[in-house]
Amino acid sequence: SRTDDAAAEVLASMEADDAADLIAHLPISRRASILEHLPQPEQDKVKSLLAYNPETAGGLMTPNFVSVHADATVGLALEKVRMAESDLPSVYVINAEGRLLGSCTVTRLLKSDPVATIASCLDVSAAPVRVHDDFTDVALLMADYNLVSAPVVDDDGHLLGVISVDDVLENLIPDEWRRRHSGEAG
């Protein structure tokens, strides 16, 4: 239908995690129809996110992030940042199997020699969150370590996505505050 096309157009312009959140609020009878109208790559991302409980790291994460292999140069990592769909503050470093090794902030990359390997600025101290960790654990970890983003891994350490602090803040705001801000409460 024309309405589903319009809804899909709006959803396609959103980050996949935000689109999944919006679709999750629709009646079940409408979800499949609207998902069908999304471009296939977006449809796949949104469906994979909808498979997770929305109160877990998997339900909060975005699949849009920048990753490079450990032997990549700083210059390659910066080029991937330039071409990225999202504006996350870090590049994640993975091994050949896709397991998370650490991260490097974009600021640190900009200050590094472009021909150096990413290993020269690798930070291995930030603990990732597991895909099934609940929201409270994610929020506490991000607050305790003052993180702007946190990598999300499966039980084998494979990088699946990233949670940004704005997603955590969004979930901390009580619904009554949202209604007050939008003029619904009175």
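Model, not experiment: these values are computed from the prediction.

Caption draft 1: Quick peek at the overall build of the chain. Scanning the chain from N- to C-terminus turns up 10 helices and 6 strands. For 186 residues, the compact-globule estimate of 2.2 N^0.38 gives 16 Å, and the chain sits close to it at 18 Å. For the C-alpha atoms alone, the extent of the chain along its principal axes is close to 55 × 35 × 30 Å. Burial status across the chain gives 38% buried among its 186 residues. Of the contacts made within the chain by residues no fewer than 6 positions apart, 57% connect residues no fewer than 24 positions apart.

Caption draft 2: Geometry of the nonpolar core. Formed by 25 residues in total, the largest nonpolar core has its most connected members in Val46, Val129, Val138, Met142, Val152, Ile163 and Val168. Put simply, the parts of the chain that give this core at least two residues each are helix 2 (16–24), helix 3 (28–36), helix 4 (40–50), helix 5 (57–60), helix 8 (135–144) and strand 5 (149–153). Counting residues per element, this core draws most heavily on helix 8, which supplies 5 residues. If near-sequence neighbours (up to four positions away) are discounted, Val168 is found in contact with Phe135, Val138, Ala139, Met142 and Ile163. In terms of nonpolar packing, the next biggest core, distinct from the first, is built from 12 residues, Val66, Val74, Ala77 and Cys121 among them.

Caption draft 3: Region of interest: the packing of helix 8 against helix 9 (residues 165–172). Closest axis-to-axis distance for the helix 8/helix 9 pair is 11 Å, and the angle between their directions is 125 degrees. What the angle tells us is that helix 8 and helix 9 run oblique. Every pair of crossing elements has a handedness; the one defined by helix 8 and helix 9 is left-handed. Of the residues in helix 9, those touching helix 8 at Phe135, Val138, Ala139 and Met142 are Val165, Val168, Asn171 and Leu172. Among the residues forming the contact of helix 8 with helix 9, the class breakdown is 7 nonpolar, 1 polar and no charged.

Caption draft 4: Structural context of the pairing of strand 5. Of all the 5 residues making up strand 5, 5 are buried; the element is thus mostly covered by neighbouring parts of the structure. Of the two faces of strand 5, the one lined by Ser149, Pro151 and Val153 and the one lined by Ala150 and Val152 are each fully buried. By the bridge criterion, 2 bridges tie strand 4 (residues 129–130) to strand 5 in an arrangement that is parallel. Bridge assignment links Arg130 to a residue of strand 5, and that residue is Val153.

Caption draft 5: Region of the structure containing the side chain of Ser103. Note that Ser103 resides in strand 3 (residues 100–105). For Ser103, a relative accessible area of 11% corresponds to the buried category. Once residues within four sequence positions are removed from consideration, Ser103 is found in contact with Ser90, Val91, Tyr92, Val93, Cys121, Leu122 and Asp123.

Caption draft 6: Region of the structure containing the pairing of strand 6 (residues 159–164). Counting buried residues in strand 6 gives 5 out of 6 residues, a clear majority hidden from the surface. In terms of strand pairing, strand 5 meets strand 6 through 5 bridges, oriented antiparallel. The residue of strand 6 that forms the bridge with Val152 is Gly161. Here strand 5 folds back onto strand 6, and the loop between the two strands holds 5 residues, one of which, Gly157, carries a positive phi near 85 degrees.

Reading guide: rules and limits
- Residues numbered from 1 in each chain as written.
- Predicted model: local features only at pLDDT ≥ 70, side-chain atom pairs only at ≥ 80, totals over all residues.
- Heavy atoms only, no water.
- Helix = DSSP H or I, 4+ residues; strand = E, 2+ residues; numbered from the N terminus.
- Rg over C-alpha atoms; globule rule 2.2 N^0.38 Å.
- Buried < 20%, exposed > 50% of the residue type's maximum accessible area, 1.4 Å probe, protein only.
- Contact = heavy atoms within 4.5 Å.
- Core = buried A, V, L, I, M, F, W, Y, C linked by side-chain atoms within 4.5 Å.
- Axes fitted to C-alpha atoms, helices over the stretch in contact; angles between N-to-C directions.
- Parallel < 35°, antiparallel > 145°, perpendicular 65-115°, else oblique.
- Left-handed = near helix turned anticlockwise from the far one by under 90°.
- Nonpolar A, V, L, I, M, F, W, Y, C, P; charged D, E, K, R; others polar.
- Pairing = 2+ DSSP bridges.

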